[in-house]
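Descriptive analysis of the structure
If you want the building blocks of each chain, they are given just below.
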Amino acid sequence: MTATIRSAEVLISSPSRNFVTLRLTTEDGVVGLGDATLNGRELAVASYLRDHVAPLLIGRDAHRIEDTWQLLYRSAYWRRGPVTMTAIAAVDMALWDIKGRLTGLPVYQLLGGASRTGALVYAHASGADLEDLGDSVRARLAEGYRAIRLQVAVPGMGSGYGISSGRSTGGRYAYEPAKRAGLAVEEGWDSARYLRYMPRMFEWARAEFGPDVALLHDAHHRLTPMQAARLARDLEPFDLFWLEDCTPAENPEALRLVRQHSVTPLAIGEVMNSIWDFAPLIQEQLIDFVRASVTHTGGITHLRRVFDLAALHQIRSGSHGPTDISPVGMSAALHLDLAIHNFGIQEYMAHQPLAHEVFRTSWTYQDGMMHPGDEPGLGVDYDDDAAARFPYEPAYLPAARLIDGTVHDW
Ligand code: GCO
Ligand code: MG
């Protein structure tokens, strides 16, 4: 049984934001889609795929997922890194999609079948101040979410990470990380004000919304190890589901220090991309959730391996699901969420309606849970006519500067 790959196309479209999609087609016309979107660096992955990977795929058997993964990883010689691992991820997803379509099974069935009825997802709420944030949280609660990430502008700083510009009025699609206007927008940052304000925000949130809703927060890599330890300790009374990226992920020693001072659960990893990055954090029990995306971590094949390693240490999954993961990547994440045993939570930032004109998905949302659907493969179709209406537009992630002008982590 073989399914020979006939073509490998790299599709770039921008329905509200940029997405890079790999489409593999077999000799028999079976199509598989993979997400290759690397926010703000989209064309680098597109070139890697078009110029260096596509020629290797033509004529190969689409059924050989593991073999293709190992070939692309090992034969490039230059290993890991976001561009390489995103390109490999796109191929891997597309091959799982093809296998599903060929067998008539949704990918989660190929991964061992459902371990649960649906995946708990968390939504985003943000605000220019607590009143504005309150509106945003109430809107998410009314939509049925049981887990919500809270971000608020810090008084005196005027902004903060993850806040939409202007009042959100509870709007669903208010915050978008990459900005289309020119080169990187620069935002201000003041760790001292932030550290003073976050415990007040969570104290307010628990008083306002009670103990049951799961609350999350993303510090977005901005704190020193001791600042992160202080924040994790100060937030303990408010029982966070997790504190995300409290320090830059590439420094495991920082997390040792945070662990010495706090039991607030930690999630790390959206900027990492391989099991080798996660292994020390997992094996030393420095994190509670693997915060990675299928799209940037070598696809379903590789991320599953990371989750399996995490399972040995009772660490759970917390897949990245911002708008810069395309509906193809989001769907792949949902199939994995359903299949693995050590599922924790799935981020669902929700794409703009325009994105769904290009990507037709079969996933469903109900009462704070999502299900990938039972269509064969990943369950996503790509509409070329719709995509043609939304050509690529350069967009960049912001930069952050401290009050004295020093560039800081965004
Ligand atoms: C998150 C993330 C994102 C990133 C974005 C960068 O937790 O959802 O931090 O919002 O900033 O994915 O491209
Ligand atoms: Mg994050």
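Now for a look at the structure at hand. As the structure is a computational prediction, the values presented were derived from the model and not from experiment. (Residues numbered from 1 in each chain as written. Chains lettered and ligands numbered in written order. Predicted model: local features only at pLDDT ≥ 70, side-chain atom pairs only at ≥ 80, totals over all residues. Heavy atoms only, no water.)

Let us look at the environment of I98. If you trace the backbone, I98 turns up in helix 3 (residues 82-103). With 284 residues separating them along the chain, I98 and Y382 place their C-alpha atoms 14 Å apart. Not counting chain neighbours up to four residues away, the residues in contact with I98 comprise L24, T26, V30, V31, G32 and A62. (Helix = DSSP H or I, 4+ residues; strand = E, 2+ residues; numbered from the N terminus. Contact = heavy atoms within 4.5 Å.)

Take the sheet that holds strand 17 (residues 399-402) next. As a general point, the strands of a sheet are linked pairwise by backbone hydrogen bonds and lie either parallel or antiparallel. Spatially, the 3 strands line up as an open sheet ordered 6-17-18, and their pairing is mixed. Where the open sheet ends on each side, the last strands, each with one partner, are strand 6 (186-189) and strand 18 (407-408). Examined bridge by bridge, strand 6 and strand 17 share 4 bridges and lie parallel to one another. When the sheet's bridge partners are listed, E187 is paired in strand 17 with A400. (Pairing = 2+ DSSP bridges.)

It is worth spelling out the coordination of the magnesium ion (ligand 2) at this point. For the magnesium ion (ligand 2), the full set of protein donor atoms is D218 (OD), E244 (OE) and E270 (OE), at a range of 2.0 to 2.2 Å. Sequence spacing of the donor residues for the magnesium ion (ligand 2), all on one chain, is D-x25-E-x25-E. Remark: E244 occurs in strand 8 (residues 242-244) and D218 occurs in strand 7 (residues 214-218); sequence separation between them is 26 residues. With respect to burial, D218 and E244 carry one shared label: buried. (Donors = N, O, S within 2.8 Å, 3.2 Å for Na, K, Ca; no water. Buried < 20%, exposed > 50% of the residue type's maximum accessible area, 1.4 Å probe, protein only.)

Below, the discussion takes up the site of ligand 1. Residues in close proximity to ligand 1 total 15 residues, the closest being N39, Y161, E270, D324 and E347. Within the contact set of ligand 1, an oxygen atom lies 3.3 Å away from a side-chain nitrogen or oxygen of H320. In the model, an oxygen atom of ligand 1 is placed 2.9 Å from a nitrogen or oxygen of the D324 side chain. For ligand 1, the protein covers 95% of the area, taking 340 Å² as the surface of the free molecule. Mapping ligand 1 onto the cavity grids shows that it belongs to the largest pocket. For the shell around ligand 1, the class distribution of residues is 4 nonpolar, 4 polar and 7 charged. (Near = heavy atom within 4 Å. Polar contact = N/O pair within 3.5 Å; in protein donor to acceptor, adjacent residues only side chain to side chain. Areas by Shrake-Rupley, 256 points an atom, 1.4 Å probe, with all protein chains shown as cover. 1 Å grid on protein atoms, 1.4 Å probe; cavity = no way out; pocket = protein on both sides within 12 Å on 5 of 7 lines; lining within 4 Å. Sits in = over half its atoms within 2 Å of the grid points. Nonpolar A, V, L, I, M, F, W, Y, C, P; charged D, E, K, R; others polar.)

Turning to empty space enclosed by the protein, a few remarks are in order. The gaps of empty space that remain are located by a probe, the size of a water molecule, rolled over the atoms. Evaluated as defined, the whole model comprises 3 cavities of 30 Å³ or more. Computed from the structure, the second largest cavity encloses a volume of approximately 60 Å³. Lining the second largest cavity we find Q151, V152, V154, G160, Y161, I163, W189, Y194, M198, H217, D218 and A219. The set of elements that each furnish at least two residues to the lining of the second largest cavity consists of strand 5 (147-152), helix 6 (191-209) and strand 7. (Points joined across faces, edges and corners; volume = space filled by probe spheres on them.)

This part covers the layout of surface pockets. In this structure, the largest pocket spans a volume of roughly 850 Å³. N39, E270, V271, L397 and W410 are, among the 34 residues lining the largest pocket, the residues nearest its centre. For the lining of the largest pocket, the per-class residue count stands at 16 nonpolar, 7 polar and 11 charged.

Another aspect to go through is the nonpolar core. Membership of the largest hydrophobic core comes to 128 residues, with the highest contact counts inside it found for L49, L150, V290 and I300. In terms of residue count, the dominant contributor to this core is helix 3 (11 residues). Both of domain 1 (5-105) and domain 2 (110-377) provide at least three residues apiece to this core. Leaving out residues up to four positions away in the same chain, L150 has contacts with A125, L133, V137, M201, F202, A205, L215, L216 and H217. Judged by nonpolar contacts, the second largest core, of 5 residues, contains Y175, M349, A400 and W410. (Core = buried A, V, L, I, M, F, W, Y, C linked by side-chain atoms within 4.5 Å. Domains from an automatic or database assignment.)

For the rest of this paragraph, the subject is the packing of helix 3 against helix 10 (residues 299-311). As a packed pair, helix 3 and helix 10 sit with axes 6 Å apart at the nearest point and diverge in direction by 105 degrees. It follows from the interaxial angle that helix 3 and helix 10 lie roughly perpendicular. Contact residues: M85, A89, D92, M93 and W96 in helix 3; G299, I300, T301 and H302 in helix 10. In terms of residue class, the contact of helix 3 with helix 10 is made up of 5 nonpolar, 3 polar and 1 charged. (Axes fitted to C-alpha atoms, helices over the stretch in contact; angles between N-to-C directions. Parallel < 35°, antiparallel > 145°, perpendicular 65-115°, else oblique.)

Time to look at the side chain of T264. Tracing the backbone through its elements, the reader meets T264 in the loop between helix 8 (252-261) and strand 9 (266-268). A polar contact is formed between the side chain of T264 and the backbone oxygen of A232, at a distance of 2.7 Å. Here T264 is in contact with A232, L235, E236, L240, L243, R259 and D288, once residues within four sequence places are set aside.

Counted under the stated rule, the structure contains 26 salt bridges. A salt bridge links E176 to R17; the shortest N-O distance between them is 2.7 Å. On the criterion of sequence distance, the pair formed by E176 in the loop between strand 5 and strand 6 and R17 in the loop between strand 1 (5-13) and strand 2 (19-26) is long-range, its members being 159 residues apart. With respect to class, E176 is no different from R17; both count as buried. Put simply, E244, E270, R291 and E347 are held in one network by salt bridges that share partners. (Salt bridge = Lys/Arg side-chain N within 4 Å of Asp/Glu carboxyl O.)

So, about the packing of aromatic side chains. Summed over the entire model, instances satisfying the criterion amount to 14 aromatic pairs. A centroid spacing of 4.8 Å and a plane angle of 50 degrees characterise the contact between W189 and Y194, whose relative ring orientation is tilted. An identical accessibility class is assigned to W189 and Y194; each is buried. Pairwise contacts between aromatic rings join Y122, F241, W242 and F289 into one cluster. Positioned above the aromatic ring of F19 is the side chain of R17, whose terminal nitrogen or guanidinium carbon lies 5.9 Å from the ring centre. Over the ring of W189 we find R222; its NZ or CZ atom is 4.5 Å from the centre of that ring. (Phe/Tyr/Trp six-rings, centres within 6.5 Å; stacked < 30°, edge-to-face > 60°. Lys NZ or Arg CZ within 6 Å of the ring centre and 35° of its normal.)

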